[in-house]
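Structure assessment
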Amino acid sequence: MKILIVGGGGREHALAWRLAKSPSVKSIIASPGNPGIEHLATCIVAPGDVSGYADIAEAHQADLTVVGPEAPLVAGIVDEFRRRGLKIIGPTQAAARLEGSKIFAKEFSRRAGIPTAHTSTRLDDFSYPVVIKADGLAAGKGVVIAQDRPEAEAAIQRLGPKVIIEEFLEGEEVSFIGLCNGSAVVPFLPTQDHKRAFDSDQGPNTGGMGAYLDPRILTASQTSEIMERIMLPAIRQMSAEETPFTGFLYAGLMMTADGPKVLEFNVRLGDPETQAIMHSFQGDLGKLLYETASGCAPQQLSTAARPAVCVVLAAQGYPDKPRTGDLISGIAEAEATGAVVFQAGTKRNGDQLVTAGGRVLGVTAGGETLQIAISNAYRAVEKIHFDGMHFRRDIGAKGLRRW
Ligand code: AMP
Ligand code: GLY
């Protein structure tokens, strides 16, 4: 099979890496790809719109297209591919509203009876802290946790006019991702992201500073509760509304004292969760995705996987104003330790590799235990250098504290 991957970040590098190991996959193309993906795939400059991706799939006779980021999904890439008879894994534009509009997602959750934070249009209905969210896609920057009324009013001013005001939920956050064919859903192992920039969850929100996968993040009964109360109702409601959900459904959950509640839905794989998931994934990913895109019920995934940890190395100034152009060294040395270095914000400059974005690399390693996976990842991190590089030193530490 020939696979086209749409996107060019760390998530797409991890997908390319796992797909390249799939017995069913002969070759990979990526658009736009990145310097890391170039070792695994033919990279093609991104076209301006979704029909351009369909042109690439047609010209290269791709058997299946896998979409990484949300923007092309929200823009209708799946509808365009299906119109042209091209196989693709992802949700239609109508189904992608689950991520594209937080207001849609809230109303949808209410219709489906899915547990989520209470919302209201009146600040007076809440105690503090309170959460203010912008409606549309905001790359992690559209959420403010306001400690008092002046802060809440300022956030509404800044994010408005379309905002959601919701109660602040307490608990452990879990990223729960399922693969769907429209009527069935099969979960990947649970992961935890680390959204804040600095250790101990301090500093501004980011796209994600690291993630770990460990089967113990959820007990078997928590997993079935999430399936019964969130994932299956979501899939059934999507079908009932004649927008069946196909592709990756990502529920960002808060495990509260009252059970799991949805913080957000995404209609794609998480970044950097995917780096950890692909690292520990067992089986033929290409075949699984091809069959699911063809409408077959996704096969149950292996659950005996080892823990995996992805530490994001960020550029000077990230998340506010990342500096670019810093020379990167040590990737080969890091990989010689057994880790895998997924590239995200990198660019080739002659023979050199330089930083080209906020989240530059995702250093990923597995281990028999979470502690070993963490040590393996950080041992590899030590080999890498670029000026201004910063990263969290506590990726996975939450898991260690709990078990
Ligand atoms: P979102 O983009 O909705 O996932 O929000 C980004 C981050 O803000 C989440 O990962 C949470 O850490 C935090 N957050 C969002 N909504 C809430 C909420 N209702 N209560 C507590 N934290 C929240
Ligand atoms: N890591 C969070 C996300 O992909 O939305």
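Notes on the structure in this doc start here. (Residues numbered from 1 in each chain as written. Chains lettered and ligands numbered in written order. Predicted model: local features only at pLDDT ≥ 70, side-chain atom pairs only at ≥ 80, totals over all residues. Heavy atoms only, no water.)

Here the focus is the pairing of strand β16 (residues 246-256). Among the 11 residues in β16, 11 count as buried, and that is most of the element. By the bridge criterion, 10 bridges tie strand β10 (residues 172-181) to β16 in an arrangement that is antiparallel. For Ile177, the partnering residue across the bridge sits in β16 and is Tyr250. By the bridge criterion, seven bridges tie β16 to strand β17 (residues 259-266) in an arrangement that is antiparallel. Looking across to β17, one finds that Met255 is bridged to Pro260. As consecutive antiparallel partners, β16 and β17 are separated by two residues. (Buried < 20%, exposed > 50% of the residue type's maximum accessible area, 1.4 Å probe, protein only. Helix = DSSP H or I, 4+ residues; strand = E, 2+ residues; numbered from the N terminus. Pairing = 2+ DSSP bridges.)

This part takes up the packing of helix α6 (residues 102-112) against helix α8 (residues 220-240). Running from N to C, α6 and α8 point in directions that differ by 100 degrees, and their axes come no closer than 9 Å. As judged from the angle between their axes, α6 and α8 are roughly perpendicular. Between α6 and α8, the residues in contact are Phe104, Phe108, Arg111 and Ala112 and Pro233, Ala234, Gln237 and Met238, respectively. Split into classes, the residues belonging to the contact of α6 with α8 amount to six nonpolar, one polar and one charged. (Axes fitted to C-alpha atoms, helices over the stretch in contact; angles between N-to-C directions. Parallel < 35°, antiparallel > 145°, perpendicular 65-115°, else oblique. Contact = heavy atoms within 4.5 Å. Nonpolar A, V, L, I, M, F, W, Y, C, P; charged D, E, K, R; others polar.)

The subject of this paragraph is the environment of Tyr318. Relative to the assigned elements, Tyr318 resides in the loop between β18 (308-314) and α11 (331-336). Overall, the relative accessible area of 12% leaves Tyr318 in the buried class. For Tyr318, the residues in contact, after removing those within four places along its chain, are Thr206, Gly207, Gly208, Met209, Gly358, Arg359 and His390.

In this structure, Val45 sits in the loop between β3 (42-43) and α2 (50-59). C-alpha separation for the pair Val45 and Ser31, spaced 14 residues apart in sequence, amounts to 5.7 Å. In contact with Val45, not counting residues within four places along its chain, are Ser31 and Ile56.

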